[in-house]
Amino acid sequence: MAKPGFSLKSSLQLRLTMGYAVLIAALLVLMNTYPLVMSQNLMFRSQQTALENQGALVANSLTTADNLTPETVEQAIAPLDKLDVSRLLVTDEAGLVLFDSQEAELTGRYALSGEIVAALEGNNAFSSQYASGCFSSCSARPVMTRNTVVGAVCLYGEDLHQGALLQELQRNLRLISLVVCLAVLALFAAFSTLLSRRVGVLLGGIRRVRAGEYAYRVTMKGHDELAQLADEFNQLTGRLQATEAQRRRFVSDASHELKTPLASIRLLTDSILQDEAIDQETTREFVEDISQAADRLIHISEGLLSLNRVDEGRTIGRERVDVNQQAEALCRLLIPLAEEAGVRFQETLGEDCTVRCSREDVSQILRNLMENAIKYNIPGGTVCLRTFRQGEEVVMEVEDSGVGIPEEELPRIFERFYRVDKARSREAGGSGLGLSIVLDTLRLYGGDITARSAPGEGSCFTAVLPAWSETEEEAEP
């Protein structure tokens, strides 16, 4: 049950919003980080290549000098074309500055930066950083003479142009990210609104059906999961509507069936009580009629109780039942009823007709079918009972030579309280529940029943039950 103030729509939208927000944030972080990092690395490599090439050129020119001094360094560097660096620094093997293109006053002092120390150890060194829109790089390499380190060359470079390009790329990425974010939010708003509206339609339908409007149907276009859910909902409400109609019809029919004998009892008892001059013979006839009405009430009540047990899905029997034994016992029991109606039995019992059921249920199935065959037969007619094994099923056929059933009535004969000839059914003591009990009991055990008939040609009811198998017998404790 929904809590006060709770809205499925707002909850769904909130979850979708949070999910999309996390996804968008992750995509934007990736979009604004990965290209910038890759661009920086590319520019760092470009700076490194340029400075290392120029450093190699300077170092090669210095190797021609016999001895590195400020004068020989200037003489070696002078013929070189203008270098594309912001600062050039040359030291001897001890790190003493021999030449500084930017700060001449540092000549004669020691420069022991990390790059120069690495170069004096015979290794090439490079470092670079990006800050405030400027790439600052430093490249150092040793000066070698006869495989001996005699000095170091250190070049510094600053690239504002590439820094500006990187800043422009960053601004463009931010603008693209903003546009993408707005577009995604717009699409998400449209999608979430559509989704929430469709969910709202389903929710409204559920509420209307919960209020008892079982005829309501949801209209949902498309072929997605929500449309399939709407189809399932409509099928469910259809079944609820049919069940509700069946329940109301059942209550109405049951009330009507119970009302008739009760009204008869009331009328007869009033007649006895109000007529003081009534003779004993008439009183006896009235009491007999009351007894018949009471029997009818008992018969209807027993039928309703049987249907209720089936509807509740009670535990089904798990006995090995011989259908032939139940049929023979039932025929002996019904002989007086058959003789009274002028009907005779014909039995044809097959072999291996055992089922997994309960004796009570098998007897009830056969009793209802055979009693109907006797009651709706004609004087001098016959009732044929046949049993036989057919594959994994046991078949029970009850055929009579009675009045038959019209073809248009056949589909409804298994409905509760439905009777083809209502007047004759009441005279015969029928309640319209027997065939319903047979059908529901058979289906409870995985069986079924069919009927064929024609007016004046009798009727044949064919009931089937799953046969008992040897594997089931072995599985019994």
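Notes on the structure follow. (Residues numbered from 1 in each chain as written. Predicted model: local features only at pLDDT ≥ 70, side-chain atom pairs only at ≥ 80, totals over all residues. Heavy atoms only, no water.)

## A short note on the pairing of strand β4 (residues 134–145)
Taken residue by residue, a regular strand's side chains alternate between the two faces of the sheet.
Argument step 1. Counting buried positions along β4 yields nine of 12 residues, so the element is predominantly enclosed.
Argument step 2. The antiparallel hairpin formed by strand β3 (residues 125–131) and β4 contains two residues in its connecting segment, where serine 132 sits at a positive phi of about 55 degrees.
Argument step 3. Of the strand pairs in this sheet, β4 and strand β5 (residues 148–159) are connected by 11 bridges, and their pairing is antiparallel. The residue bridging valine 143 from the neighbouring strand is glycine 151, located in β5.
Argument step 4. Adjacent in sequence and paired antiparallel, β4 and β5 are bridged by two residues, among which arginine 146 carries a positive phi angle near 50 degrees. (Buried < 20%, exposed > 50% of the residue type's maximum accessible area, 1.4 Å probe, protein only. Helix = DSSP H or I, 4+ residues; strand = E, 2+ residues; numbered from the N terminus. Pairing = 2+ DSSP bridges.)

## Details of the pattern of salt bridges
Argument step 1. All told, the structure shown has eight salt bridges when counted by the stated rule.
Argument step 2. Close ionic contact of glutamate 371 with arginine 367 constitutes a salt bridge, the shortest N to O distance being 3.0 Å. With glutamate 371 and arginine 367 both in helix α8 (residues 359–375) and four residues apart, this pair spans about one turn of that helix.
Argument step 3. The exposure class assigned to glutamate 371 is buried, which follows from its relative accessible area of 13%. (Salt bridge = Lys/Arg side-chain N within 4 Å of Asp/Glu carboxyl O.)

## Concerning the side chain of arginine 87
Argument step 1. Relative to the assigned elements, arginine 87 resides in strand β1 (residues 87–92).
Argument step 2. Polar side-chain contacts of arginine 87 include one of 2.6 Å to the side chain of aspartate 100.
Argument step 3. When sequence neighbours within four positions are dropped, the list of residues in contact with arginine 87 reads Asp100, Ser101, Gln102, Leu106, Cys154, Leu155 and Tyr156. (Polar contact = N/O pair within 3.5 Å; in protein donor to acceptor, adjacent residues only side chain to side chain. Contact = heavy atoms within 4.5 Å.)

## Notes on the sheet that holds strand β7 (residues 344–349)
Two orientations exist for strands paired in a sheet by backbone hydrogen bonds: parallel and antiparallel.
Argument step 1. The five strands are arranged β7-β9-β10-β12-β11 in an open sheet whose pairing can be described as mixed. A single partner strand is all that each edge strand has here, and the edge strands are β7 and β11 (448–453). Averaged over all adjacent pairs, the angle separating strand axes in this sheet is 15 degrees, with direction ignored.
Argument step 2. Pairing between β11 and strand β12 (residues 459–466): six bridges, direction antiparallel. Bridge pairing in β12 places serine 453 opposite serine 459.
Argument step 3. The strands that helix α7 (residues 323–341) touches are β7, β9 (382–390) and β10 (393–400); relative to β7, the one it contacts most, it runs at about 175 degrees.
Argument step 4. Contacts from α8 reach β7, β9, β10, β11 and β12 within the one sheet, and its direction differs from that of β10 by about 20 degrees. (Axes fitted to C-alpha atoms, helices over the stretch in contact; angles between N-to-C directions.)

Structural measurements only, silent on function.
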